[in-house]
Amino acid sequence: MSSQDSSCLVFSNHAEAETAIQTLSKAGFDVKKLSLIGKGYHTEEHPVGFYTAGDKIRSWGGAGAFWGGIWGMLMAPAVFLLPGIGLVAMAGPLVATLVGGLEGAVVVGGVSALGAALTQVGVPKDQVVKYETALKVDQYVLVIHGTADELARARSMLGSAQTPATA
């Protein structure tokens with residue numbers, strides 16, 4: 001993202017991530033500038049599924065209900081199987097960056113496909129491991145894309161609930 005930056009926040013569960021997204025949305029932040037990455041399927045005792053129905057992705061199961069709601073708010077819903085991380089659901093502008101990297105085989109320098117996508121949107125390479133590790137332990141990473149002013153505004157809207165690692 002040329003004149004854009006990114007700021008990442010890590011949430012320990014889907015409820016916290018969803019609350020942050022809803023807080024930003026209600027405060028008027030453009031949710032099209034948000035990307036969410038997470039797994040959250042390990043605690044399921046029932047099947048979880050994702051499928052397409054027309055132009056929308058549908059889901060079922062506990063985590064499926066969460067992702068169905070998120071995908072209704074954010075753009076570009078997707079599910080990927082990423083080596084070293086596992087099955088990951090995501091939505092937002094980061095999806096297009098990840099797909100572009102996978103299609104163009106841009107993954108270089110020992111960085112994973114997700115790591116390459118994160119660095120392309122402005123996350124420092126030395127912080128990528130932190131976010132990949134968070135995903136491996138079933139946490140959620142919210143990426144806020146925008147100008148420096150938009151990132152400051154989003155952080156202000158979220159208050160001191162989370163201290164983002166600015167990229």
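Residues numbered from 1 in each chain as written. Predicted model: local features only at pLDDT ≥ 70, side-chain atom pairs only at ≥ 80, totals over all residues. Heavy atoms only, no water.

J.: I tried to follow the pairing of strand β6 (residues 86–91) on my own but got confused; where do I start?
T.: The side chains of a regular strand alternate between both faces of the sheet. Extensive coverage of β6 is indicated by the burial of 5 of its 6 residues. Direction of pairing for strand β2 (residues 34–38) relative to β6: antiparallel, over a ladder of 3 bridges. Note that in β6 the partner of leucine 36 across the bridge is alanine 91. The loop that links strand β5 (residues 78–82) with its antiparallel partner β6 comprises 3 residues; one of these, glycine 84, has a positive phi angle of about 85°. (Buried < 20%, exposed > 50% of the residue type's maximum accessible area, 1.4 Å probe, protein only. Helix = DSSP H or I, 4+ residues; strand = E, 2+ residues; numbered from the N terminus. Pairing = 2+ DSSP bridges.)

J.: Please explain the nonpolar core as it appears in this structure.
T.: For soluble globular proteins, the rule of thumb is that nonpolar side chains tend to be buried together. Within the largest apolar cluster, 23 residues are counted, with the highest numbers of intra-cluster contacts made by Ile37, Met90, Leu94, Leu114 and Leu118. Counting only elements with at least two residues in this core, the list comes to β5, β6, α3 (93–103), α4 (113–120), α5 (125–136) and β7 (140–146). Membership of the second largest hydrophobic core comes to 19 residues, among which are Ala20, Ile70, Ile144 and Leu158. (Core = buried A, V, L, I, M, F, W, Y, C linked by side-chain atoms within 4.5 Å.)

J.: Whenever I open this one, the pattern of salt bridges confuses me. Can you help?
T.: It is possible for side chains bearing opposite charge to pair when their charged atoms get close. Counted by the stated rule, this structure contains 2 salt bridges. Residues glutamate 150 and lysine 33 are paired through a salt bridge, measuring 2.6 Å at the closest nitrogen-oxygen approach. Of the two residues, glutamate 150 sits in helix α6 (residues 148–158) while lysine 33 sits in the loop between α1 (14–26) and β2, which places them 117 residues apart along the sequence. Residue classification places glutamate 150 among the partly exposed positions, given a relative accessible area of 21%. Take lysine 33: its relative accessible area is 21%, and that puts it in the partly exposed class. (Salt bridge = Lys/Arg side-chain N within 4 Å of Asp/Glu carboxyl O.)

J.: It is not clear to me how unusual backbone geometry should be interpreted in this structure. Could you clarify?
T.: Peptide bonds are mostly trans, and most non-glycine residues show a negative phi. Although it is not a glycine, aspartate 138 adopts a positive phi angle of roughly 65°. On the secondary structure map, aspartate 138 appears in the loop between α5 and β7. Owing to a relative accessible area of 21%, aspartate 138 belongs among the partly exposed residues under this scheme.

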